[in-house]
Amino acid sequence: FGIKPLYLAATPKRLRFASTLPALLAGGDIDTAIDPIALHHYMSWHAVVPAPHTIVQGVTKLPPATVATFERDGTRHDHTYWTLSVREDPALAALKDVEREALVEEALRTAVRRRMVADVPVGVLLSGGVDSSLIVALLAQMGQRDLQTFSIGFEAGDEFRYSDLVAQRFETGHHQIRIPTPDLLQVLPDTIAAMSEPMVSYDNVAFYLLSREVSRHLKVVQSGQGADEVFAGYHWYPKLASSVQPAADYARVFFDRDHAAVQATVGPRWHTGDVSRAFVERHFATVDAATALDKALHLDSTVMLVDDPVKRVDNMTMAWGLEARVPFLDHELVEL
């Protein structure tokens, strides 16, 4: 699922690679011109730039579940070692709801348990939402003691209402991290500097500040990223449930702006064809899925998720030497 990134800068005589794009830029001799195709993606679907593109022409990124092999003469071969199937399993579909729920619960329990294996204590980023609350509940059920949980809140609104309930229910060592509004503006430059590529999500700065505070207590945490993409939690999925034009309807409900708006926004030197819509159409055409919803879930789980929530959390946590583990992206759970 691309949980950890790998950026590449290749020339005929040289290959450089790093876990962040700025690390490659720091070495110099990189074509930093904007990639027009990447810019179209960035402007179209919420800053998502699918691999292998990055926002600059001289750097690419390795696609998820891929091994790249480079020969001495510079020849490159990519091997995709895992793909996600979203085709219905008749045997599982024949089970009763309660039996399927039990399978999912056990798979999630296994995923959470796997991510507790460490030489140091492992905490949980507890937003109070269903996904992170489930992680805490399962850990408590498995007998985890002295679990440290962390929530972040701001001056506007009660951010801690649900996380407090969960922390009290399962008796965790809970940390409320309250961020004054001036701190948001103060750390904005550092938040941007922590990005490997430009991101637009408003919670970047929150994850940056949360990671800063958590890193003072722990070095490893579990987080709920991936649950919305895997379990169809976003608001656009119901709108696709009865779609007969999957690519067109997906673009309509998810894209920030259509092709005409992109062309009107960027200068003529960066004009391209409608590459973002074409990307969705190609992806949907190759996915073995019966419905538009299944096609959308596949795209979101293998492309959008990688280049938005997962990359955001990885960048902001690693800026403070904090490792974030994501049990909802355990590949056996997702396959189920």
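Let me begin by describing the structure that accompanies this report. From a predicted model like this one, the values you see are computed outputs, not experimental measurements.

## Overview of the sheet that holds strand β6 (residues 122–125)
At step 1: With parallel pairing, the 5 strands of this open sheet are ordered in space as β8-β7-β6-β9-β10. Each of the sheet's edge strands pairs with one partner strand only, and the pair in question is β8 (173–179) and β10 (323–325). Strand-to-strand twist in this sheet, taken as the mean axis angle between neighbours without regard to direction, amounts to 30°.
At step 2: Across 2 bridges, the pairing between β6 and strand β7 (residues 148–154) is parallel. Each bridged residue has a counterpart across the sheet, and for V124 the counterpart in β7 is T149.
At step 3: Set on the sheet, helix α5 (residues 130–141) makes contact with β6, β7 and β9 (220–222); between it and β6 the angle comes to about 145°.

## Description of the sheet that holds strand β2 (residues 14–18)
At step 1: Spatial ordering of the open sheet is given by β2-β1-β3, a layout of 3 strands whose pairing is antiparallel. Strand pairing shows two members of the sheet lacking a second neighbour, β2 and β3 (60–61), which therefore form its edges.
At step 2: Strand direction decides the pairing type here: strand β1 (residues 7–11) and β2, joined by 5 bridges, are antiparallel. The partner of T11 across the bridge, within β2, is R14.

## Observations regarding the nonpolar core
At step 1: If you look at the biggest cluster of nonpolar residues, it comprises 21 residues, and the most contacted ones within it are L125, F150, I177, L210, V214 and V221.
At step 2: Those elements that place two or more of their residues in this core are β7, β8, α8 (204–214) and α14 (292–318).
At step 3: If one sorts the elements of this core by residue count, α8 sits on top with 6 residues.
At step 4: Ignoring anything within four residues of it in the chain, the contact list for V214 reads L125, F150, I177, V221 and L322.
At step 5: Listed in part, the 19 residues of the second largest apolar core include V48, A251, F284 and V303.

## A word on unusual backbone geometry
At step 1: The peptide bond linking A51 to P52 adopts the cis configuration, its omega dihedral lying at 10°.
At step 2: Along the chain, the position of P52 falls in the loop between α2 (36–44) and β3.
At step 3: We note that D29 has phi near 55°; this positive angle belongs to a residue other than glycine.
At step 4: Among the secondary structure elements, D29 is positioned in the loop between α1 (21–26) and α2.
At step 5: Here D29 falls in the exposed class, since its relative accessible area comes to 63%.
At step 6: A positive phi angle, close to 60°, is found at A232, a residue other than glycine.

## Brief notes about the packing of aromatic side chains
How two aromatic rings sit relative to each other is given by the distance of their centres and the angle of their planes.
At step 1: Within the structure shown, the criterion is met by 12 aromatic pairs.
At step 2: Judged by centre distance (5.8 Å) and plane angle (45°), the rings of W45 and F255 are tilted. Placement of W45 in the loop between α2 and β3 and of F255 in the loop between α11 (246–254) and α12 (259–265) is noted, with a sequence separation of 210 residues between them.
At step 3: Take W45: its relative accessible area is 0%, and that puts it in the buried class.
At step 4: According to the relative accessible area criterion, F255 is buried, its value standing at 13%.
At step 5: An aromatic cluster of at least three residues, connected via ring pairs, comprises W45, Y234, W236, Y237, Y250, F254, F255, F279 and F284.

## So, the side chain of R312
At step 1: Summarising the element assignment, R312 is placed in helix α14.
At step 2: Classification of R312 by relative accessible area gives buried; the value is 8%.

Here is what the cut-offs are and how they apply
- Residues numbered from 1 in each chain as written.
- Predicted model: local features only at pLDDT ≥ 70, side-chain atom pairs only at ≥ 80, totals over all residues.
- Heavy atoms only, no water.
- Pairing = 2+ DSSP bridges.
- Helix = DSSP H or I, 4+ residues; strand = E, 2+ residues; numbered from the N terminus.
- Axes fitted to C-alpha atoms, helices over the stretch in contact; angles between N-to-C directions.
- Contact = heavy atoms within 4.5 Å.
- Core = buried A, V, L, I, M, F, W, Y, C linked by side-chain atoms within 4.5 Å.
- Buried < 20%, exposed > 50% of the residue type's maximum accessible area, 1.4 Å probe, protein only.
- Phe/Tyr/Trp six-rings, centres within 6.5 Å; stacked < 30°, edge-to-face > 60°.

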